[in-house]
Amino acid sequence: MSSIPGLSWVLFLQHQHLMLGMETLQYSILQVLKNTIVKYRTTHNEQVSSWHSTMNSRDKDKVHVEWVQHWNNVFKELQQYVKTHHTTGLSWNTRGGNAMSNLKAAPANCGVPPPPPPGIPPPPPMVPLVPKAVAAEDDGRAALFASINKGTDITSGLKKVDRNAPRLPPGVWTPQTVRDEQKTHKNPSLREGPKPFVKQTETTPVRAPTRESPERPPKFALEGKKWFVEYQKDKPSLVVDNARMDHSVYIFKCQNTVVQVKGKVNSVILDSCKKSAVVFDNLVSSAEVVNCQSCKVQVMGIMPTITIEKTDGCHVYLSKESLNTEIISAKSSEMNILIPKEDGEFVECPVPEQFKTVIKGHSLVTTCTEKAG
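*Asks:* Explain the environment of Asn 324 to me, and be specific about the residues and the numbers.
*Replies:* As for its position among the elements, Asn 324 is in the loop between β9 (312–317) and β10 (326–330). Taking the relative accessible area as the measure of exposure, Asn 324 reaches 74% and is therefore exposed. In this structure the C-alpha to C-alpha distance between Asn 324 and Met 303, which are 21 residues apart in sequence, comes to 8.3 Å.

This is how it looks when you write it as structure tokens:
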């Protein structure tokens, strides 16, 4: 009901809060009483026919009316109690006392709460743990230490030998006789102790042989406008004749080979070769040396540009007509340019491999460096 909040006067500690609950209670009482009024119809026949149903409804509504009246009396008595004992706020019993003694015995017809559930059962009794007797090690150590502690009495158990007793003839052995191979002074190997530990030398793992690419047949042919010189070995005099200006020469994976190109060609490429050389007359564009080792290039006429990349060991012989050649190198080492002199000899000039870079403003400046010594 809407009057239930009036029972929370304990929280507000004011009896005026009960007045608000009573106001809402009065409104609820009026609503209940209003619903109990039975409107009779004006006609006589309708009044006679509905008389029995009206009396039954009045008996039922009477219960509600009585209930709201009792509920109203509860609020009135509660308000009077708060004004009398808790005028300025909630007060406590200064004399104290046991609050449980104020509880009244519950009536017989009142439901009794069920007993609490049983607790956890007690644990089972502990089993006595009896330590097992450790069996003594029958290794003779106790008897050994006991005999050592005897001191000078340790020899009391030895059997004395009579020197005058007759000796056994040679060749006759008894179980107590010590043979020569059991004597340490006659068999030095018995005096040797255990051999020291010798660390075994680590065996070097055997590496699986590297699989080399199968050798391909050598090739020396003109295909279109390109000469192919491939997989040549130990050929010191290969000659490319009838070369034209629009031809190019490609030398690939040759070893201990010298290729001579006669005439003027467009370009010459030396790729993945070892200890090989190429000699040509004139070039239109450039010469290239890529992925080579210990190779040589010689020009007899004009060569505008030469490029050396990823090469270890390259000698370039220039002519008097090719002194304006541009040399471009990258990721290479042991590069030497041989410049001819008037007497026909060559001056060997190494190509720098070490550089120094400095920052100037927002740009880099790189210069060659020379190794001291």
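*Asks:* Give a description of the packing of aromatic side chains that names residues and reports values.
*Replies:* One pass over the structure, following the stated rule, counts 5 aromatic pairs. Their ring planes at 75° and their centres at 6.3 Å tell us that Phe 228 and Tyr 250 sit as a pair that is edge-to-face. Linking Phe 228 in strand β2 (residues 226–230) with Tyr 250 in strand β4 (residues 248–252), this pair joins segments that are 22 residues apart in sequence. For Phe 228, a relative accessible area of 16% translates into the label buried. Look at Tyr 250 and you get buried, because its relative accessible area is 16%. Seen from the ring of Phe 228, Lys 219 lies directly overhead, with NZ or CZ sitting 4.7 Å from the centre. Against the face of Tyr 250 rests Lys 226, its NZ or CZ located 4.8 Å from the ring centre.

*Asks:* For the pattern of salt bridges, give the residues involved together with the corresponding values.
*Replies:* A complete count under the given rule lists 3 salt bridges for this structure. Across the salt bridge formed by Asp 246 and Arg 244, the nearest N and O atoms sit 3.6 Å from each other. Judged by relative accessible area, Asp 246 falls into the partly exposed class, the value being 34%. Salt bridges linked by common partners bring Lys 225, Arg 244 and Asp 246 together as one network.

How each quantity is defined
- Residues numbered from 1 in each chain as written.
- Predicted model: local features only at pLDDT ≥ 70, side-chain atom pairs only at ≥ 80, totals over all residues.
- Heavy atoms only, no water.
- Helix = DSSP H or I, 4+ residues; strand = E, 2+ residues; numbered from the N terminus.
- Buried < 20%, exposed > 50% of the residue type's maximum accessible area, 1.4 Å probe, protein only.
- Phe/Tyr/Trp six-rings, centres within 6.5 Å; stacked < 30°, edge-to-face > 60°.
- Lys NZ or Arg CZ within 6 Å of the ring centre and 35° of its normal.
- Salt bridge = Lys/Arg side-chain N within 4 Å of Asp/Glu carboxyl O.

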